[in-house]
Amino acid sequence: MDQHRLDTPRQWGSDRRSDPHPLIPPPVSEGRIARGRLAIVLTIAVWACYIAYTVFEQFVVGRASSAKLVVEAIVYMLVVTALMGSAMAYLITRIGFFYRSRAHHRAPRIALDPFLAGPTPSVTVLVPSYQEDERVIRTTLLSAALQEYPGLRVTLLIDDPQQPKTRAARDLLLAARALPGTIESELTVPFTRAQAAYDRFENGLDSRDTPVVTVDDMRDLAAEYQSAVGWLYGLGHRQEMVDHTDTFFVEHIVNRLAGDLGTIAEALERGAAEEAVLPVDRMTQLYKRLMAIFDATVTSFERKRYVSLSAEPNKAMNLNSYIGLMGGSYQEVSTPMGIALVSAGAGRAELTIPNPDYVLTLDADSVLLPEYTLRLVHLMEQGAYAHCAVTQTPYSAFPGAATRLERISGATTDIQHIVHQGMTHYGATFWVGANAVLRKKALDDICEAAYEGDWEIKRYIQDRTVIEDTESTIDLGVHGWTLHNYPERMAYSATPPDFGSLAIQRQRWANGGLLILSRLKDQFRAKTARGQKNRFGELFLRVNYMASIFWSSICLLVMLAYPFNADLLNPVLLLVSVPYFMMMAADLKYVGYKRMDILRIYGFNLILLPVNLSGSFASILQLLTGEKSQFKRTPKVRNRTTAATSYLLAPLALIALCAYTVVRDVQLSQWANLIFAVINLVLASYAMIAFVGLGNTVVDLLTHLKGWLYRPVQPKKSRSAAPATKPATTAHGENRAMAGAIGDWASVLHYGAEGNSPGMVAVRASQAAASRRGARAPQVSSSFEEYTFFTVFQPIFELESGEVAGYEALTRFADGSSPHQGLADAQEHGRHIDLDAALVRAAMASAASLPQGTWLAVNVSAGLLRRPRELEQLVAESDRPIVLEIDGADPEDLVDLPAGVRIAVDDAGAGYDSLARMEALKPAFLKLGRHTLAGVEAEGARRASIRSLVEFARENGCTVIAEGIESAPQRDALAACGVPLGQGFYLGKPVPVERALADAASR
């Protein structure tokens, strides 16, 4: 297939590779391993000789003749030791990589296809996305959807702002929303054809006397594979070709998958030509493999649409928000604060999210090879990996980068692949967040729940640091879970193409390791408690992984900036770093780069010093203040990202310092120092020119300078004129007035009919309410006073069985005032009945998801009782029995109550008054207040009085509810008195509906 030619300009020194890394690492010779071991021995030996020589010269011979020289000698030896430690960590992990690559044996298809054809665990792919280019998201979603795994559910977690401020942001959001449906529609075509062919095959077998495969069946299957090949080539041809990532996706994912299927089709054709047939089971496996490639449901989810989910601006909480919903059914409820996503009762669900066995996380700028999910899930289903929580293939860089910076950054990424694979050999695997298969059971094990307002927020992946995957690694280790790096290159991720976006990424990587370093002790203590042995190698590699960026940057800066005593710089010292650089140069050649790229990487790291130090100091600042560092997403756009001023001026200052050091060393004839200074000057200057660019540096600095000097004056907001008034409505009846009372205009009108409302509700004055005060009411403004409140629910228990019989709905105003005060304030403006109706409606809407079989008690004012038509409409909106708790009502107010509604009244205090009130009002429930219960556990007379009251209530068809139960003795005493129902803080506090549901489920 002829592909579109890329028109992206390529820099001199860009990546000329076109082929990806081999899936399986090339064989490692014994000589290579021997040289690696020798490098470790030489590094330790030279370091030990240097330390011994320096100690002898400085402290025994006495060259350190002053306190200043003593401190210098000690500091310099510590710096050398720290840098040597980082070099040793690399040399050790590469040996581990060699061992693992030699021991790895790839599972053949004949082992995978039976697994694929059987009952496979469920997998959900989560792709967090924030203002990504449509082409980037499409490539990622397609690479996920084309995984050879049946029933895959791919969900794009769109985190774009819900109210875009620019047209470009709006276009990105709309494109992201449309993509899942488009991709699923595309996949439906080949899947439907493959499924129909499989059904024909199955029906054909059933119609035969003996279920055997025929030559025609072989040819039919070959034709289906050829059809899939054609569809895949067509998909690749439709791909928008912009850069090397598109080339990789088309050539090495889509076309390579098509080639694999074409090979199978050809094999089937040849078998049919030789009149050979496959067993039925094998034919079934091949059909199911074909269907599995296209069997994917592609959806999207936007957590920022819902006020009930976390709005923390980071990838971890984007993932957590969706993972926390897994296994539940939900419905949307409109509130003035926004849309809430709440648990739905039977038949009310608008959104149902399955609870998968595995969760696959994939960054929006990454792609997976088609067998990724199958091979990793197949591995985790083996008994030896039953306690493995995370399996991943540390990502590699796309080949063919068009810029020098992207090529060198990609080289460090590919070297890190070796490091991560080697760390697994020593049990020191870290989760690398770009892609991973996570066992959902393990995520549930480390879940932490907290509350933001009245909403429960679940954290599976910690967001305390901006490197959330590292802290989650520690959490999993504490709970006894392990992690594993699959020893193949099956995932690729984009590298920032310019210095501005790269600085944002690397600053984030450097921020967080120090903050969670102390948590390592928790993991090692947990291992000791489980009887597992802690190995020094694991501890050393984990500490180096989390803290080496900080200490290496500090040590290198100290060596560059401070003029140490020339006697400390012994030529032997250079030999400490030689094995490290030689081995890394060999590894660069091994992964497809040039040996001389080691010098480019050194210069690259020099100009990244301020970036790494900034991230490290941000971590320290968070440790001191407790405030989270701001999560900065790596921009993934075609245009260049402006670099921060400090990230431009600091490298320039470093170059100037190196130049000054060169001049100074020449003047002082310090030739050993001169070599080090010249190397740093040349490589830092080269990196600044090649990777940042002099023109880009000037443009970015001028841009920042303009921002400092010129700040556009915001136009003053003119005072808005008083809004036009409208005449009050005089002839629309009471029902219309009631509707006007409730919340966020038309949206809140549907609370009772469309779902739950556990969040905030805002109630505003209505013109209709004002008009009800008289036909000649004065005109009212269109500005409204707002009442904002929560509805909470306190359970009412059967004291004998401990079962929940019902719930009392209670109102909590956001300003802290009591409902009585709010109603009194509303009464001054003639709106108390409207407000009371709104409280009742919100309570009944919120209660829709409470457990079935329970009744709901709501407080109703006497004014609303005197409006039976409105009360009847309110009660009709409830899906459960309603109990109206009344205060100050007369018997005539209860004549026209809606059918089926029961009444609850408070006791009048004195014994006779309560009995008389019960006899006059005929309530279904009598509520005993705290004043009646006080001392019941100790006073026999009070218990006798309560017994008589309970007996009289029973004779009059009334049930007694004890309010304010605050202790177990009080509850037991009331139960002994025959009180059937009770409520109070001891039994259950008033909580939002979500907590009420959780409490009910835990009983």
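See above for the structure.
Since the model is a prediction, treat every value here as computed from it, not as a measurement.

A.B. asks: Would you mind showing me how to read the overall build of the chain here?
C.D. replies: A count of helical and extended segments in the chain gives 35 helices and 24 strands. For the chain, the residues scored as buried account for 53% of the 1003 residues in total. Considering only contacts within the chain whose residues lie at least 6 apart along the sequence, 78% involve residues at least 24 apart. Summed over all atoms, the accessible surface of the chain reaches about 43800 Å², with 56% contributed by carbon and sulfur.

A.B. asks: Which parts of the structure should I look at to understand the layout of surface pockets?
C.D. replies: One water molecule sets the probe size; rolling that probe over the atoms shows where empty space is left. The space that makes up the second largest pocket amounts to roughly 950 Å³. Glu808, Leu810, Pro819, His820 and Asn859 are the residues nearest the centre of the second largest pocket, which is lined by 34 residues in total. Elements represented by at least two residues in the lining of the second largest pocket include exactly strand 18 (804–813), helix 27 (819–828), helix 28 (832–846), strand 19 (855–860), helix 29 (862–865), strand 20 (882–886) and strand 21 (902–906). When its residues are assigned to classes, the lining of the second largest pocket shows 15 nonpolar, 11 polar and 8 charged.

A.B. asks: Would you explain the pairing of strand 9 (residues 388–392) in this entry?
C.D. replies: Consecutive residues of a regular strand have side chains that alternate between opposite faces of the sheet. Within strand 9, 5 of the 5 residues are buried, which leaves it mostly tucked inside the rest of the structure. In this sheet, strand 14 (residues 482–485) lies alongside strand 9 in parallel orientation, the contact comprising 4 bridges. Residue pairing across strands places Val390 opposite Leu483, the latter belonging to strand 14. Looking at chain direction, strand 9 and strand 11 (residues 435–439) are connected through 2 bridges and run antiparallel. Across the sheet, residue Thr391 finds its bridge partner in strand 11, namely Val437.

A.B. asks: What is the right way to read the sheet that holds strand 6 (residues 351–353) from this model?
C.D. replies: Adjacent strands of a sheet pair through backbone hydrogen bonds, lying either parallel or antiparallel. The 3 strands lie next to each other as 5-4-6, forming an open sheet whose pairing is antiparallel. With partners counted over all chains shown, the strands left at the sheet margins are strand 5 (338–343) and strand 6, one partner each. The average angle at which neighbouring strand axes cross in this sheet is 35°, direction not considered. Where strand 4 (residues 328–335) and strand 6 come together, 3 bridges link them in antiparallel fashion. From the neighbouring strand, Tyr330 faces strand 6, where its bridge partner is Leu351.

A.B. asks: What is the right way to look at the side chain of Ser321 in this model?
C.D. replies: Its location among the elements puts Ser321 in helix 9 (residues 315–323). Reaching out from Ser321, the side chain makes a polar contact with the backbone oxygen of Met317 at a distance of 2.7 Å. Excluding its chain neighbours within four sequence positions, the residues that come into contact with Ser321 are Arg303, Leu309 and Ser310.

A.B. asks: Explanation requested: helix 18 (residues 571–590) in the structure shown.
C.D. replies: What sets the pattern is the α-helix's 3.6 residues per turn: residues three or four places apart point alike. Taking 1.5 Å of rise per residue, 20 residues should cover 28 Å, and helix 18 covers 30 Å from first to last C-alpha, within 8% of that figure. Considering bend angle alone, the principal kink of helix 18 is centred on Ser577 and spans about 30°; proline Pro579 follows within four residues of it. Taken residue by residue, helix 18 has Leu573, Val576, Pro579, Met583, Met584, Ala585, Ala586, Asp587 and Leu588 as its buried positions. For helix 18, the secondary structure elements touched by its buried residues are helix 1 (30–60), helix 2 (67–103), helix 11 (404–425) and helix 19 (597–607). Within two residues after helix 18, Gly592 carries a phi angle of roughly 100°, on the positive side.

A.B. asks: Quick question: what am I supposed to make of the nonpolar core here?
C.D. replies: The tendency in soluble globular proteins is for nonpolar side chains to be buried side by side. Ranked by internal contacts, the top residues of the largest apolar core, which has 84 residues, are Leu187, Tyr225, Leu232, Leu261 and Phe294. Considering every element that reaches this core, the biggest residue donor is helix 7 (residues 244–273), with 12 residues. With 78 residues, the next largest nonpolar core counts Met423, Leu588, Ile598 and Ala643 among its residues.

A.B. asks: When you look at a nonpolar patch on the surface in this model, what are you seeing that I'm missing?
C.D. replies: A contiguous nonpolar patch, built from Val55, Phe56, Phe59, Val60, Val61, Ile74 and Leu78 and spanning about 620 Å² of accessible area, is present on the exposed surface. Listing elements by their share of the nonpolar patch, those giving two or more residues are helix 1 and helix 2. Among the elements that line the nonpolar patch, the one with the most residues is helix 1, at 4 residues. Of the residues examined, Phe59 reaches a relative accessible area of 36% and is grouped as partly exposed.

A.B. asks: Would you mind showing me how to read the sheet that holds strand 10 (residues 396–397) here?
C.D. replies: Spatially, the 3 strands line up as an open sheet ordered 8-15-10, and their pairing is mixed. Looking at strand neighbours, the two that pair on one side only are strand 8 (366–368) and strand 10, the edges of this open sheet. Across 2 bridges, strand 10 lies against strand 15 (residues 491–493) in parallel orientation. Bridged to Ser396 within strand 15 is Tyr492.

A.B. asks: Which parts of the structure should I look at to understand unusual backbone geometry?
C.D. replies: With the exception of glycine, most residues fall at negative phi, and the peptide bonds are largely trans. We note that Gln131 has phi near 45°; this positive angle belongs to a residue other than glycine. Note on placement: Gln131 falls in the loop between strand 1 (123–129) and helix 4 (134–145). Take Gln131: its relative accessible area is 26%, and that puts it in the partly exposed class.

Definitions and cut-offs
Residues numbered from 1 in each chain as written. Predicted model: local features only at pLDDT ≥ 70, side-chain atom pairs only at ≥ 80, totals over all residues. Heavy atoms only, no water. Helix = DSSP H or I, 4+ residues; strand = E, 2+ residues; numbered from the N terminus. Buried < 20%, exposed > 50% of the residue type's maximum accessible area, 1.4 Å probe, protein only. Contact = heavy atoms within 4.5 Å. Areas by Shrake-Rupley, 256 points an atom, 1.4 Å probe, with all protein chains shown as cover. 1 Å grid on protein atoms, 1.4 Å probe; cavity = no way out; pocket = protein on both sides within 12 Å on 5 of 7 lines; lining within 4 Å. Points joined across faces, edges and corners; volume = space filled by probe spheres on them. Nonpolar A, V, L, I, M, F, W, Y, C, P; charged D, E, K, R; others polar. Pairing = 2+ DSSP bridges. Axes fitted to C-alpha atoms, helices over the stretch in contact; angles between N-to-C directions. Polar contact = N/O pair within 3.5 Å; in protein donor to acceptor, adjacent residues only side chain to side chain. Expected span 1.5 Å × (residues − 1). Bend = angle between axes of the 7 residues up to and from the residue. Core = buried A, V, L, I, M, F, W, Y, C linked by side-chain atoms within 4.5 Å. Patch = residues over 30% accessible without salt bridge, like charges linked within 9 Å, V, L, I, M, F, W, Y side chains within 5 Å. Salt bridge = Lys/Arg side-chain N within 4 Å of Asp/Glu carboxyl O.

Any functional reading would require information beyond the geometric quantities listed.
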